Each structure stands twice: as C-alpha cells, then as structure tokens.
Amino acid sequence: METVDNKYDLSVNIAGVTFKNPVMEGSGTFGSGMEYSEFVDLNRLGAVVTKGVANVPWPGNPTPRVCEVYGGMLNAIGLQNPGIDTFIERDLEFLKNYDTRVIVNVCGKTVEDYLEVVERLSDEAVDMLEINVSCPNVKEGAIAFGQKADALYDITSRIKKTAKQPVIMKLSPNVTDITEMARAAEAAGADALSLINTITAMKIDINRRAFALANKTGGLSGPAIKPVAVRMVYQTAQAVKIPIIGMGGIANAEDALEFIMAGASAVAVGAMNFHDPYTTVRVIDGLRDYMEKNHVGDIKELIGCVK
Amino acid sequence: MGKIRETAKVISQEMLVKDIYSMWIETDIAKGSVPGQFISVYTKSEARLLPRPISICEIREDALRIVYRIAGAGTREFSTYKAGDSIDILGPLGNGFPVSEADNSRPVLIGGGIGIPPMLELAKQLKGDKTIVVGYRDADMFLDKELEKYGRLIIATDDGSVGTKGNVMDAMAKQDISGSVIYACGPAPMLRGVKAFSEEKGIEAYISMEERMACGVGACLGCVCRTKDTDDHSKVRNARVCKDGPVFKASDIDL
Ligand SMILES: Cc1cc2nc3c(=O)[nH]c(=O)nc-3n(C[C@H](O)[C@H](O)[C@H](O)COP(=O)(O)OP(=O)(O)OC[C@H]3O[C@@H](n4cnc5c(N)ncnc54)[C@H](O)[C@@H]3O)c2cc1C
Ligand SMILES: Cc1cc2nc3c(=O)[nH]c(=O)nc-3n(C[C@H](O)[C@H](O)[C@H](O)COP(=O)(O)O)c2cc1C
Ligand code: FES
C-alpha cells in the first residue's frame with residue numbers, strides 16, 4: 001500500500017505531469033503491465049511505460065531474438081506489436097484499473113505512421129507519449145530519425161503539432177554526440193527526453209559458428225551499460241533544460257540514485273525486470289530508505305545534485 | 001494459483017548419468033503445477049541476468065523435481081547445489097499438457113534427449129494404455145527405469161547401443177506405433193517428424209516447443225514461435241512459447 005508519506009516526498013513532476021514516485025519500467029520489458037501485475041502492484045509504480053505500438057500490427061524479427069551476455073543481454077525483438085486498435089481496446093482498458101500514470105511508447109516506419117498513432121491516442125487515457133526514434137532493431141525508419149539531428153528536429157516538431165499529451169523523445173546512445181540530439185529535440189519542442197535506448201551490439205555462438213541472434217545485431221541492455229547511460233544522462237542534463245527520464249541497467253536504488261544525481265527527474269527499470277520481477281518496487285523502497293537515512297525530505301533535492 | 005518467485009530449498013541432488021542431474025526442490029510452486037509446465041531458474045551471479053527455463057519433471061504436494069543437462073555456465077552452477085542450499089526459481093510457467101481434453105485411451109508419449117523429463121509426470125497422471133517412446137544419444141540413459149513403470153517403453157539410441165538405432169521416429173516406424181493422441185517434447189527436428197506423423201495418421205499431437213527466453217512470463221516477446229493463423233494476443237502469426245505454450249497443437253504451429 002502506498003500511504004501518503006509526508007516526511008519523505010518521492011513525487012516528481014515532468015512537463016506538468018505529477019508522478020507519485022520517480023520509478024517506472026523501460027518500454028518493451030514489461031508489456032503493458034498485465035503479465036507483471038501477477039508480481040507487482042502496478043499502483044505502486046510512478047508510471048507504466050508500454051511496449052512500442054505502431055499504427056498496424058508488426059510481426060517483429062525471426063528468432064532467436066534474445067541472448068545473454070556478461071552483465072546484460074541483447075535483444076532484437078524488432079518491435080513486434082499488435083497495432084494501435086488492439087492496444088487501445090485491450091492494453092489501455094487494462095491500465096484503467098490502476099492508479100498510475102500511463103506513458104505510451106510509439107514507433108513507426110515513417111513520420112506519418114507515428115502521427116497516426118499519436119492522433120489515435122489523443123482522446124485516450126494516456127498521460128504522456130514516449131516517441132521511440134532509437135530502436136536499433138528495425139531496418140526502416142525508427143532509428144534513422146534518432147541519429148540525425150535535422151531528422152529528429154523534423155519528426156519532433158511534427159509530432160508536437162499533433163500530440164495532445166506531453167511528448168518525451170527517447171534518444172539513442174548510438175550517436176557521436178548525444179547532446180546534439182538532445183538540443184535538437186528540445187529546440188523542436190519536446191517536453192522531455194528519455195535515455196538511453198539499447199546500444200547496438202553483437203554476439204557470436206562459437207559452437208554453431210553463427211550469430212547468436214537471427215538479426216545478427218541486437219541492442220545491449222542491463223547492468224553492463226549503466227556507466228555509459230549515467231554519463232549520457234549527465235551530459236544531456238548539462239545541455240538542455242527539459243526533464244530527463246534516465247535508464248540503462250538499473251538494478252537497485254543505488255543505481256537509480258546515480259541517474260537522479262546525474263540529472264534524471266525519473267528513472268526506468270528495463271532488463272532487470274527479467275532477473276527479478278520485483279526490481280521496480282525494490283528500487284522505490286530503496287529510494288525511500290536512502291532519503292530517511294540521509295535526511296532528504298524531498299527527492300527533488302537530489303535531481304542533478306552532482307555537477 | 002498464480003506464479004511465485006521464491007528462494008526455495010534444494011531437498012536433494014544426484015547425477016543420473018554424465019552431465020545429467022536430478023534435483024528435488026521444496027517449493028510452494030508445486031501446488032499449482034501441471035505436467036508440461038516449466039520453471040525459471042536464476043543463477044546466483046548477477047552477471048547472468050536471464051533465467052534458465054527448465055521443465056517440471058515430477059510434482060509432489062510441496063516439491064518439484066527437475067532433470068537437466070549441463071549445457072553451459074548456468075546449469076553447471078545448478079549442478080553444484082547440495083541438499084539444504086537455496087535456489088531462486090519462478091513458476092509455474094506456461095500452459096502444460098492437456099491431460100483431460102484429449103482422447104487419452106491410448107496415449108503415445110514421445111521424448112527426445114533432454115525433452116524426456118516432462119514426460120515422467122505426464123506418464124504418471126495419464127490414465128489410459130500408454131506407449132512411451134524415448135530417444136537417447138547412447139547407452140547413457142536416464143529416467144528409463146522410472147518411465148517403464150507407467151507404460152510400454154520403446155527406446156531409440158543414435159548409436160544403436162540400446163533399442164532401435166536412430167531417433168524416436170525411426171523406433172515408431174519400426175514398431176508400427178499408433179495411438180489416440182500424441183504428446184511430445186524434444187529438439188525441433190524431432191517435433192517436425194512428430195507433426196508430419198500426426199498429420200499422416202490423423203492423430204492429434206501436442207508438442208512442447210523450445211525457444212530462447214528473457215522474461216519467461218509473456219511480457220518481452222522474445223520467445224515467439226510461428227503459428228499457422230493469426231494469434232489472438234499478438235495479432236500476427238506469433239505465439240509466445242513461455243506463456244501461450246510451451247505446449248501447442250502440432251497443427252497450429254509452422255515448424
Ligand atoms: C520450455 C523449456 C524447457 C526446458 N526444459 C529443460 C529441461 O527440463 N532440462 C534441461 O536440461 N534443459 C531444458 N531446457 C533447456 C535449458 O533451458 C537450457 O539448457 C539452459 O537454459 C542452458 O543454460 P546454461 O546457462 O547452462 O547455458 P548457456 O548456454 O550458458 O546459457 C546462456 C543463455 O542461453 C539460454 N539457453 C541456452 N540453451 C538454451 C536452450 N536450449 N533453450 C532455451 N534457452 C537456452 C540460457 O537460458 C541463457 O539465457 C528447456 C528449455 C525450454 C525453453
Ligand atoms: C526486450 C526489450 C525490448 C525493448 N523494447 C523497447 C521498445 O519497444 N521501445 C523502446 O523505446 N525501448 C525498448 N527497449 C529499450 C528499453 O526500454 C531501455 O531503454 C533499455 O533496455 C535500457 O534499459 P535497461 O538496461 O534497464 O534494460 C527494449 C529493451 C529490451 C531489453
Ligand atoms: S520470454 Fe518473454 S515473452 Fe516469452
């Protein structure tokens with residue numbers, strides 16, 4: 001049960017939306033919360049971030065789609081999703097049963113695809129949109145928008161014109177300078193940024209003398225990428241004024257605090273949900289424990305406190 | 001009953017033959033389990049993030065048995081656990097074999113290699129006149145003595161050291177095996193053979209599929225297999241092995 005905690009304020013505000021705490025899960029690692037609701041009381045989460053949804057169903061990539069690497073994993077799901085119709089009827093209906101914020105992750109192959117989804121969501125019970133322009137696992141669209149500053153500027157401004165909810169642009173780490181991308185998104189009107197998406201990687205199965213993934217490459221996530229992610233969140237926080245949702249390998253409250261101190265207003269738990277389905281609630285409890293121990297009344301005091 | 005993630009206790013562990021281990025685990029997961037389901041087993045190293053899916057081999061009121069092959073670092077670690085040690089598991093996962101829906105008057109149970117373990121609990125729970133067909137690499141057999149108690153046991157070995165030389169389908173053909181329904185678990189080529197056989201003979205077959213997994217609970221879409229028709233959850237021709245399976249009607253799957 002989440003009682004109102006007057007002594008320790010965990011709530012944060014991102015682009016006018018208040019979250020009861022700064023902990024959500026990373027898109028694609030939690031479905032729409034249905035499966036994990038058998039373990040986690042979704043009411044406790046700051047937000048549920050849904051798997052990327054497109055205008056039509058996507059079949060995704062061939063299998064194997066996942067493999068393990070030291071301290072992390074690779075995935076090349078290829079954004080399989082049931083399409084916006086089913087998503088609205090089934091997933092958003094399900095999420096209405098919970099007192100948590102809903103952030104819908106949007107993917108597409110063309111700008112028009114994205115705009116169609118964004119428009120369809122305009123009257124739905126959705127608090128924010130997270131635009132995935134950074135998936136390394138689909139051939140067309142998607143990541144192309146996230147790796148060139150002018151393309152990112154263009155898609156961000158067009159989505160902002162259509163969107164009724166505040167827009168989070170999800171950035172790719174697979175760029176030379178993350179701050180250039182962050183500035184482009186901010187200049188185009190993005191309300192917030194989330195980072196990092198997965199890092200393009202590869203594993204070879206020496207016994208089969210073949211790629212471990214059918215897609216050859218996949219996105220690296222998990223604790224192995226955390227130091228890279230913290231660095232990128234810090235650099236981005238120095239470069240832009242809009243709030244940041246930080247992610248990449250978060251396994252516990254200590255990890256989450258690194259992101260917050262580096263400048264993230266909220267954090268997301270991704271691959272570690274697979275290791276322990278209770279990771280999100282452990283992070284929430286751990287944040288509160290840290291605040292109590294260190295006499296921090298308001299978590300907002302910690303955001304970007306390391307300069 | 002829902003799924004449970006718990007730190008359970010190892011009751012016993014023994015090596016059956018080289019690289020094949022049998023472990024009994026005391027766990028509340030046992031209460032809700034049916035044959036053909038599996039559990040996720042987590043290694044103690046945080047560097048090994050993903051759970052290892054292992055089939056349920058036997059079910060007691062408060063305990064489960066798994067039988068597994070050392071395939072890499074994770075299963076090697078599990079093989080070092082002793083009675084009294086802790087083991088992190090999550091389950092029960094997946095759908096399991098339909099023991100009540102099918103015509104079980106003359107069931108045929110087929111297990112290939114490390115696909116044999118789930119056949120034991122299934123053989124115990126099925127009533128009819130059972131034929132159990134198992135395939136091994138060589139004379140290093142496991143669970144054969146236990147399976148024998150529940151039906152007619154037919155053996156195939158790759159090297160021909162015991163039973164029919166060849167795979168389970170060779171043994172089936174040689175002994176002209178038939179039945180009212182087929183349950184099978186094993187490598188993909190074997191399942192392809194089972195599917196072809198069931199279509200040819202017009203016998204319903206339930207096959208247990210294997211795929212690389214990440215979440216194990218149906219959330220990540222890592223473990224899909226191709227279905228004949230559009231799947232109701234995915235809206236494309238993909239079903240989740242961990243959640244919609246691992247057991248499918250052979251006729252519903254593209255193999
Ligand atoms: C539904 C299901 C039931 C299974 N039941 C059994 C069983 O009863 N007994 C048994 O011995 N084995 C079983 N397996 C296979 C077992 O999961 C793998 O042998 C095991 O995961 C290997 O882990 P490792 O760390 O030893 O090997 P590594 O190769 O080091 O593992 C690396 C990664 O690959 C994954 N992986 C490797 N091989 C497989 C595989 N064949 N299938 C799925 N994932 C794999 C691991 O889970 C891990 O994430 C089952 C697989 C599935 C999908
Ligand atoms: C299996 C899997 C699926 C993912 N799917 C998506 C997705 O649909 N959209 C998206 O924006 N990010 C997706 N991601 C990226 C995560 O949301 C997150 O940004 C990344 O994994 C880093 O966090 P982590 O190290 O905690 O996993 C996915 C990651 C994984 C592991
Ligand atoms: S392993 Fe995640 S959906 Fe099956």
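Before going into details, it helps to say that this report is about the structure given with it. This is a predicted model, so every value here is computed, not measured. (Residues numbered from 1 in each chain as written. Chains lettered and ligands numbered in written order. Predicted model: local features only at pLDDT ≥ 70, side-chain atom pairs only at ≥ 80, totals over all residues. Heavy atoms only, no water.)

Regarding the overall build of chain A
Of regular secondary structure, chain A possesses nine helices and 16 strands. What you see for chain A is a C-alpha radius of gyration of 18 Å, in line with the 19 Å of a compact globule of 307 residues. The dimensions of chain A, computed from C-alpha atoms along their principal axes, are 55 × 50 × 40 Å. The long-range fraction of contacts in chain A, counting pairs at least 24 apart against all pairs at least 6 apart in sequence, stands at 72%. Split by element, the accessible area of chain A, about 11600 Å² in all, is 50% carbon and sulfur. (Helix = DSSP H or I, 4+ residues; strand = E, 2+ residues; numbered from the N terminus. Rg over C-alpha atoms; globule rule 2.2 N^0.38 Å. Contact = heavy atoms within 4.5 Å. Areas by Shrake-Rupley, 256 points an atom, 1.4 Å probe, with all protein chains shown as cover.)

A closer look at the site of ligand 1
For ligand 1, the set of nearby residues contains 21 residues, the closest of which are Arg52, Pro53, Arg69, Gly74 and Thr75 of chain B. Each of chains A and B places residues next to ligand 1. Here an oxygen atom of ligand 1 and a backbone polar atom of Pro53 of chain B are 2.6 Å apart. Between Val67 of chain B and ligand 1, the recorded distance is 3.0 Å, taken from a backbone N or O atom to a nitrogen atom. Compared with its free state, where it exposes 830 Å², ligand 1 has 85% of that area covered by protein. Along the lines of polarity and charge, the residues of the shell around ligand 1 split into eleven nonpolar, four polar and six charged. Viewed by domain, the shell around ligand 1 spans two of them, domain 1 (4-93) and domain 2 (107-252) of chain B, each represented by three or more residues. (Near = heavy atom within 4 Å. Polar contact = N/O pair within 3.5 Å; in protein donor to acceptor, adjacent residues only side chain to side chain. Nonpolar A, V, L, I, M, F, W, Y, C, P; charged D, E, K, R; others polar. Domains from an automatic or database assignment.)

Notes on the interface of chain A and chain B
How big an interface is tends to be expressed through the accessible area that disappears when the partners come together. Every contact between the two is made by 37 residues of chain A and, on the other side, 35 residues of chain B. Interface of chain A and chain B: buried area, both sides summed, is about 2800 Å²; carbon and sulfur atoms make up 59% of it. We note a salt bridge from Glu38 of chain A to Lys3 of chain B, for which the minimum N-O separation is 2.6 Å. Applying the counting criterion to the chain A and chain B interface returns 13 residue pairs in polar contact (both at pLDDT 80 or more). When residues of the side of chain A that touches chain B are traced back to their parent elements, those giving at least two are strand 5 (66-69), strand 6 (72-75), helix 1 (84-95) and helix 8 (272-275) of chain A. Per-element tally for the side of chain A that touches chain B: the top contributor is strand 5 of chain A, with four residues. Residue composition of the side of chain A that touches chain B, by class: 20 nonpolar, ten polar and seven charged. (Buried area = accessible area lost by both parts, 1.4 Å probe. Salt bridge = Lys/Arg side-chain N within 4 Å of Asp/Glu carboxyl O.)

Some details on the site of ligand 2
All names here are of chain A. Neighbouring ligand 2 are 22 residues; Ser27, Lys170, Gly222, Gly249 and Ala271 lie closest to it. At 2.8 Å, a backbone N or O of Ser27 approaches an oxygen atom of ligand 2. At a separation of 2.6 Å, an oxygen atom of ligand 2 approaches a polar backbone atom of Gly249. Summarising the interface, the protein chains cover 98% of the accessible area of ligand 2, which totals 610 Å² for the free molecule. Grouping the constituent residues of the shell around ligand 2 by class yields five nonpolar, 15 polar and two charged.

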